[in-house]
2 protein chains.
Amino acid sequence: MLVGKTHYKTIWREGHTVKLIDQTLLPFRFSIAQYSDYRGLCMAIRNMNIRGAGAIGAAAGYAMALAFAEAQMNHKPTFVLDAKKEIESTRPTARNLFFATEKVWESGKKGAAAAFSEADRLAAENEDAARAIGEYGMALMFDGISVNTHCNAGWLGFVDWGSALAPVFMAHRRGMKVYVYVDETRPRLQGARLTAWELENEGIAHTILPDHAGAWLFRNKKVDLILTGADRIAMNGDVANKIGTFEKAIVAKAMGIPFYVAAPLSTFDPDCSHGDLIPIEHRDEGEVLRISGIKNHRLIEDITIANPRSHAINPAFDVTPASLITGLITEQGIIEPKEHLIKTLFDTPKT
Amino acid sequence: MLVGKTHYKTIWREGHTVKLIDQTLLPFRFSIAQYSDYRGLCMAIRNMNIRGAGAIGAAAGYAMALAFAEAQMNHKPTFVLDAKKEIESTRPTARNLFFATEKVWESGKKGAAAAFSEADRLAAENEDAARAIGEYGMALMFDGISVNTHCNAGWLGFVDWGSALAPVFMAHRRGMKVYVYVDETRPRLQGARLTAWELENEGIAHTILPDHAGAWLFRNKKVDLILTGADRIAMNGDVANKIGTFEKAIVAKAMGIPFYVAAPLSTFDPDCSHGDLIPIEHRDEGEVLRISGIKNHRLIEDITIANPRSHAINPAFDVTPASLITGLITEQGIIEPKEHLIKTLFDTPKT
């Protein structure tokens, strides 16, 4: 995708070095971070230097591959297994993370080179899946459409293209007029910071709004479609995604707005029969109570914005029941969120 | 109410000077602002140095009285009428503002002294109404209750006690255990800043959470009751209140949580038959895109927190239809939000 006029991917590899766009500094600084050890990359995942379901998966695959490379210089027999556990503890809700570590773990048994090429393959697969989601999602797009999205499920959340925003980017590139209402997405403001920045760079018209203005928006403005991503999807179609998605889906249902979730197959968890079984990550209360931003071109961190002697709860995700979701957009097409249809996705041989 | 261990009111008069707690600096600085001319007080209302339905009403009454006093030194015949229009243009949604300017306008015909005493009477009435709302609201409270509230409808939003929080304060003072989940309330964070600060000062257990975590909260924690205030109530029971109230009411209905709105009669608009007729104030996009806070005990303002080249929409209020509201708590009792019951409130002679 475009940054200024240059094409970038979210994460890539150069030899034994993994490079990524540092999302904690966006949109204020465009900066490439690089990691040559798995622990550094783990920290990057945990601290959200890289975030978003697909991008976390790609990063976890690379972290696993780095661990295999590092093991060659480390004689502790459990080094790689310990590394796997450490990578998997960074973001417990993200299904793609576990999908990627398992795949690279298997390949790594044939050596570090095989681990790196599996991690590369997963990153490429992630990008291909996002592009296919965009193509299938085009069935929902039309000239003059208004879309509402929550959090960032754009190209920064994947290796490229994104999930929820892939059809938006594609429609725009094919000359359709698209308008996007971007939920700011407290507490980390991924909407106001990342989605808005992506849309600006692609030249797509958009407006940021407070998260809980959704009902007002649907009542007062033309909104044709809600598109969100997912961090884990249970086999019955329940979706774990950024906090606020569940609330938005309830409001969408009540007000008759179609609500679609876009995600690749690697986000579906075959071992998870329904949403109540998805572990929900709780993050530090400081994300709610303090904020960072810029003033006079200087980055200022840890600004207290709430009553200093109060506490906060900060669930990073919630679970939206399948009954509230109009459809799931996958790299194999759009389906209703029903168990027998989801199972079919996994039966279909890949082309 | 208590600030540290001292009792305060939100706004009061000393001769021809009106003093108020500056809410834009809370919870970081406790500071008293004072105004001796109506224009200064208008600016304070517009900039939200004083805010909240009841407090705006009291401030508008005092502003109108100041205008009558100033008119004695000003020979322009339309001075007071112009002042009235200026006061009424500060916050278009707040019903209490128009209620107060009308009342003081009528009294002022008998001179500035009469205007001041009418403004005093309105402020006292506001406090009495809030206390009565607390008493009637006690019917909903019990030992061990968990309440969720949006924005600040506590004592800072009135002259004292508050609307939604009046029953909470009263229950706590009478020895009941009360827990409050406080929506942070973007963009101005009245929940995280003002409500949390009030609750801390009264020693009431509470937690701040992102606004759109409501559905997660109701699904995962014990929440017995939602209490909000109102900025204007139509005669059919539709309620204009802080942006996000409409969304919360939809979610509450879907999840079976009782949703009560607390407001004095001065918030009801006899000239407004239903919610669609309530004018909704749109505030500057900068409230969404920039923020203030403290770092190392220094107040820092105008920190950019969103993509600097994106825009935002900032509706300050939304309208919740009566059908989503369990009950209205007024100084005359709790009623269902039905037109014939609301009309009865206005027929009852005041004691």
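Just so it is clear, the structure is predicted and the values come from calculations on it, not from any experiment.

(A) Quick look at the sheet that holds strand β4 (residues 17–21) of chain B. All names here are of chain B. One open sheet accounts for three strands, arranged β3-β4-β5; its pairing is antiparallel. Strands with a single pairing partner mark the edges of an open sheet, and in this sheet they are β3 (11–14) and β5 (32–35). Across the sheet, the axes of successive neighbouring strands diverge by a mean angle of 25 degrees, strand direction being ignored. Direction of pairing for β3 relative to β4: antiparallel, over a ladder of four bridges. Opposite Ile11, over in β4, you have Leu20 as the bridge partner.

(B) How the structure looks around the sheet that holds strand β4 (residues 17–21) of chain A. Residues and elements named next belong to chain A. Read across the open sheet, the three strands follow the order β3-β4-β5; overall the sheet is antiparallel. Every other strand in the sheet has two partners, leaving β3 (11–14) and β5 (32–35) as the edge strands with one partner each. Each adjacent strand pair in this sheet contributes to an overall mean axis angle of 25 degrees, direction not counted.

(C) Layout of the interface of chain A and chain B. Contacts between chain A and chain B engage 61 residues on the former and 61 residues on the latter. Taken together, both faces of the contact between chain A and chain B bury some 4900 Å²; the carbon and sulfur share is 65%. When the area that chain A buries against chain B is broken down by residue, the three leading residues are A:His212, A:Trp216 and A:Glu247, summing to 16%. Here chain A is connected to chain B by six salt bridges. The salt bridge involving B:Glu184 is made with A:Arg186; its shortest N-O contact spans 2.6 Å. Summed over the shared surface of chain A and chain B, the number is 30 residue pairs in polar contact (both at pLDDT 80 or more). Of all the secondary structure elements, the ones that give two or more residues to the side of chain A that touches chain B are α7 (190–202), β8 (205–209), α8 (214–220), α9 (245–255), α10 (286–289), β13 (290–295), β14 (298–304) and β15 (317–320) of chain A.

(D) Local environment of the domain arrangement of chain A. All names here are of chain A. The domain architecture assigned to chain A consists of domain 1 (2–130) and domain 2 (139–347). Placing the centre of domain 1 and that of domain 2 at their C-alpha centroids yields a distance of 23 Å. Residue-level contacts link 40 residues of domain 1 with 42 residues of domain 2. Counting the surface lost from both domain 1 and domain 2, the interface buries some 3400 Å², and carbon and sulfur atoms represent 56% of this. On the domain 1 side of the interface with domain 2, the three residues burying the most area are Phe28, Thr93 and Arg95, jointly 20% of the side's total. Inspection of the region where domain 1 meets domain 2 yields three salt bridges. On inspection of domain 1 and its partner domain 2, the count reaches 22 residue pairs in polar contact (both at pLDDT 80 or more). Going through the elements one at a time, β1 (2–3), α2 (53–71), α4 (95–108) and α5 (112–137) are the ones with two or more residues in the side of domain 1 that touches domain 2. Per-element accounting of the side of domain 1 that touches domain 2 gives the leading share, five residues, to α5.

(E) Representation of helix α2 (residues 53–71) of chain B within the structure. Helix length check: α2(B), at 19 residues, gives a terminal C-alpha distance of 27 Å against a target of 27 Å (1.5 Å per residue), a fit within 8%. The buried fraction of α2(B) is high, at 18 of 19 residues.

(F) Spotlight on the packing of aromatic side chains. Residues and elements named next belong to chain A. Using the criterion set out here, one finds 16 aromatic pairs over all chains in the structure. Between the aromatic rings of Tyr8 and Phe30, the centroid separation amounts to 4.9 Å while the plane-to-plane angle is 70 degrees, which identifies the pairing as edge-to-face. With a gap of 22 residues between them, Tyr8 in the loop between β2 (6–7) and β3 and Phe30 in the loop between β4 and β5 connect regions that are remote in the sequence. Classification of Tyr8 by relative accessible area gives partly exposed; the value is 24%. For Phe30, a relative accessible area of 34% corresponds to the partly exposed category. Among the aromatic side chains, those forming a connected cluster through ring pairs are Tyr8, Trp12, Phe30, Trp155 and Trp197.

(G) Representation of the environment of B:Ile305. Residue and element names in this part refer to chain B. Topologically, Ile305 is positioned in the loop between β14 (298–304) and β15 (317–320). The buried category is assigned to Ile305, whose relative accessible area is 1%. The spatial distance from the C-alpha of Ile305 to the C-alpha of Tyr179 is 31 Å, given a sequence separation of 126 residues.

(H) Structural context of the relation of the copies chain A and chain B. Least-squares fitting of chain A to chain B yields an RMSD of 0.0 Å, with the superposition described by an axial translation of 0.0 Å and a rotation of 180 degrees. The superposition operator between the copies reduces to a two-fold rotation axis. Among all residues of chain A, the minimum C-alpha distance to the rotation axis is found for A:His212, at 2.8 Å.

(I) Main features of the side chain of A:Glu247. Tracing the backbone through its elements, the reader meets A:Glu247 in helix α9. Setting aside residues no more than four positions away along its own chain, A:Glu247 makes contact with A:Asp318, B:Asp211, B:His212, B:Ala213, B:Gly214, B:Ala215, B:Glu247 and B:Val251.

(J) Local environment of the pattern of salt bridges. Residue and element names in this part refer to chain A. Counted by the stated rule, this structure contains 58 salt bridges over all chains. Between Glu86 and Arg39 there is a salt bridge, with its nearest N and O atoms 3.4 Å apart. You can see Glu86 sitting in helix α3 (residues 79–88) and its partner Arg39 sitting in helix α1 (residues 38–46), a full 47 residues away along the chain. What makes Glu86 partly exposed here is its relative accessible area of 25%.

(K) Molecular detail of the packing of α5(A) against helix α6 (residues 166–173) of chain A. Residue and element names in this part refer to chain A. Contact geometry for α5 and α6: axes closest at 7 Å, N-to-C directions at 65 degrees. In terms of orientation, α5 and α6 fall into the roughly perpendicular class. Here the hand of the crossing between α5 and α6 comes out right-handed. Together, Ala130, Arg131, Ile133, Gly134, Glu135 and Gly137 of α5 and Ala166, Pro167 and Met170 of α6 make up the contact between the two elements. Looking at the contact of α5 with α6, its residues break down into five nonpolar, two polar and two charged.

(L) Fine view of the state of the cysteines. Inspection of every chain in the model, using the stated rule, returns zero disulfides over all chains. Note on B:Cys272: no disulfide assigned, nearest cysteine sulfur contributed by B:Cys151 at a separation of 20 Å.

(M) Focus on the pairing of β4(B). Residue and element names in this part refer to chain B. Taken across its five residues, β4 has five buried, putting it largely inside the fold. The side-chain alternation of β4 yields two buried faces, one formed by Thr17, Lys19 and Ile21 and the other by Val18 and Leu20. Relative to β5, β4 runs antiparallel, the two sharing four bridges. By the bridge assignment, Lys19 is partnered in β5 with Gln34.

(N) Molecular detail of helix α4 (residues 95–108) of chain B. Residues and elements named next belong to chain B. Taking 1.5 Å per residue, 14 residues should reach 20 Å; α4 reaches 20 Å between its end C-alpha atoms and fits that length. Among all positions in α4, only Arg95, Asn96, Leu97, Phe98, Phe99, Ala100, Thr101, Val104, Ser107 and Gly108 are buried. Turning to α4, the residues buried within the fold contact α1 (38–46), α2, α3 (79–88), α5 (112–137) and β10 (232–233).

(O) Focus on unusual backbone geometry. A cis geometry characterises the amide bond from A:Leu26 onward to A:Pro27, with omega recorded as 0 degrees. Tracing the backbone through its elements, the reader meets A:Pro27 in the loop between β4 and β5. Between A:Arg186 and the following residue, A:Pro187, the backbone shows a cis peptide bond with an omega angle of 0 degrees. For A:Pro187, the location among the structural elements is in the loop between β7 (178–183) and α7. One non-glycine residue, A:Leu189, lies in positive phi territory at about 60 degrees. Checked against the element boundaries, A:Leu189 lands in the loop between β7 and α7. Of note in the backbone geometry, B:Trp161 takes a positive phi value of approximately 70 degrees without being a glycine. Tracing the chain through its elements places B:Trp161 in the loop between β6 (145–149) and α6 (166–173).

What counts and how
- Residues numbered from 1 in each chain as written.
- Chains lettered and ligands numbered in written order.
- Predicted model: local features only at pLDDT ≥ 70, side-chain atom pairs only at ≥ 80, totals over all residues.
- Heavy atoms only, no water.
- Pairing = 2+ DSSP bridges.
- Helix = DSSP H or I, 4+ residues; strand = E, 2+ residues; numbered from the N terminus.
- Axes fitted to C-alpha atoms, helices over the stretch in contact; angles between N-to-C directions.
- Contact = heavy atoms within 4.5 Å.
- Buried area = accessible area lost by both parts, 1.4 Å probe.
- Salt bridge = Lys/Arg side-chain N within 4 Å of Asp/Glu carboxyl O.
- Polar contact = N/O pair within 3.5 Å; in protein donor to acceptor, adjacent residues only side chain to side chain.
- Domains from an automatic or database assignment.
- Expected span 1.5 Å × (residues − 1).
- Buried < 20%, exposed > 50% of the residue type's maximum accessible area, 1.4 Å probe, protein only.
- Phe/Tyr/Trp six-rings, centres within 6.5 Å; stacked < 30°, edge-to-face > 60°.
- Least-squares fit on C-alpha atoms with pLDDT ≥ 70 in both.
- Parallel < 35°, antiparallel > 145°, perpendicular 65-115°, else oblique.
- Left-handed = near helix turned anticlockwise from the far one by under 90°.
- Nonpolar A, V, L, I, M, F, W, Y, C, P; charged D, E, K, R; others polar.
- Disulfide = S-S within 2.5 Å.

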